[in-house]
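Observations on chain architecture
If you want the building blocks of each chain, they are given just below.
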Amino acid sequence: GLVDVLIVAGGGGGAGAFAGGGGAGGVVYGTNTSVTASAFTVLIGGGGQGGLGWQNINNMRGANGGNSSIFGLIASGGGGGGAFDYLYAASATSAQLAQPGGSGGGGGSAQSHMSPAHIGAVSNQTDYPSTLEYGNSGGNGHHHGDTGYYNGGGGGGAGAVGVTAGAGTGGHGGNGQAFTIRTGASITYAGGGGGSSQGTGFGTGGTGGGGAGTATSVVAGNGGTNLGGGGGAGGYSGASNARNGGTGGSGIVIVRYVV
């Protein structure tokens, strides 16, 4: 028969310590999809772990979320947020870069204009025939030399790109995409996580479960469960757990029979 299907992957984790927010899980949406009577494997992606806080070097970046799939359609897990390039060495810098995903992670902050650590990551969501796919790039972080502050970009969302960090604030997460498949009412999924800041402002999470970043000792927000939201980026001050990035939200698969 015919079904409508919505597939949302797990969101990426936010990075730790004035860094980038996690990208939202990729989204695949199909209407009047033809399926035959059979047993199908359904995979629900979990959210990516948030990065550890200041000076954990190779563990500061957020982890990617897990893929979700059914009917041979795969929604790609959200990209982990990029971290502050604590060391200039190429190996250390590459370990901090924002990760591509269903929506890309937000870029971290950079000490030097020569460093690529501030660049937001792109969406790697696959396009399929006869379905719609959603995913956007993460916003760029900010250079320390421009303002004296370290600010991370917002993670990309299903409906919009992540916002690039400003002079004194982290970038906001990209907004998600709304669907009515579950209850008939509009529900928004896959918002990007907000970037954090060493300054006074922080990036808010995108609509659809994006976790907020932080600029204080407040713990960064996690992505929304079963919404595929990206985790918010961790701050700089306060206890060590307040410097950690938020975990991405788990994804969801919804199948509705067409009657």
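Now for a description of the structure that goes with this document. Numbers given to residues run from 1 along each chain, matching the order in which its sequence is written. Residue-level local features of this predicted model are given only where pLDDT is at least 70; pairs of side-chain atoms are given and counted only at 80 or more, and the full residue set underlies all totals for whole chains, interfaces and linings. Only hydrogens and water are removed before side-chain values are computed, so all heavy atoms of the structure are retained for them.

**Examining the overall build of the protein**
In terms of regular secondary structure, the protein is built from 2 helices and 8 strands. In this description a helix means any DSSP run of H or I spanning at least four residues, a strand means any run of E spanning at least two, and both kinds are numbered starting from the N terminus. Starting at the N terminus, the α and β elements of the protein follow one another as β-β-β-β-α-β-α-β-β-β. Our radius of gyration is a C-alpha quantity, and the globule rule it is checked against amounts to 2.2 Å times the number of residues to the power 0.38. Computed over its C-alpha atoms, the radius of gyration of the protein comes to 17 Å, within 12% of the 18 Å expected for a compact globule of 259 residues. If one aligns the C-alpha atoms of the protein with their principal axes, the spans along those axes are about 60 × 35 × 25 Å. Type-normalised accessible area, obtained with a 1.4 Å probe on protein chains alone, sets the label of each residue: buried when under 20%, exposed when over 50%, and partly exposed for intermediate values. Looking at the protein as a whole, 55% of its 259 residues are labelled buried. Of the accessible surface of the protein, which amounts to about 9500 Å², a share of 53% is contributed by carbon and sulfur atoms. In this description, accessible areas are obtained by the Shrake-Rupley approach with a 1.4 Å probe, and a residue is regarded as covered only by the protein chains that are shown.

**Some points on the pairing of strand E2 (residues 27–34)**
Strands were regarded as paired on the criterion that DSSP finds at least two bridges between them. Note: strand E1 (residues 2–8) against E2, 6 bridges, orientation antiparallel. Residue pairing for E2: Leu6 is matched across the bridge by Tyr29. Across 3 bridges, E2 lies against strand E5 (residues 132–134) in antiparallel orientation. The residue bridging Tyr29 from the neighbouring strand is Leu132, located in E5.

**Describing unusual backbone geometry**
Negative phi characterises most residues that are not glycine, and trans characterises most peptide bonds. Residues other than glycine seldom take positive phi values, yet Ala17 does so here, at roughly 70°. Following the sequence through the fold, Ala17 ends up in the loop between E1 and E2. One non-glycine residue with positive phi stands out, namely Asn226, at about 60°. Mapped onto the elements of the fold, Asn226 is located in the loop between strand E7 (187–189) and strand E8 (252–257).

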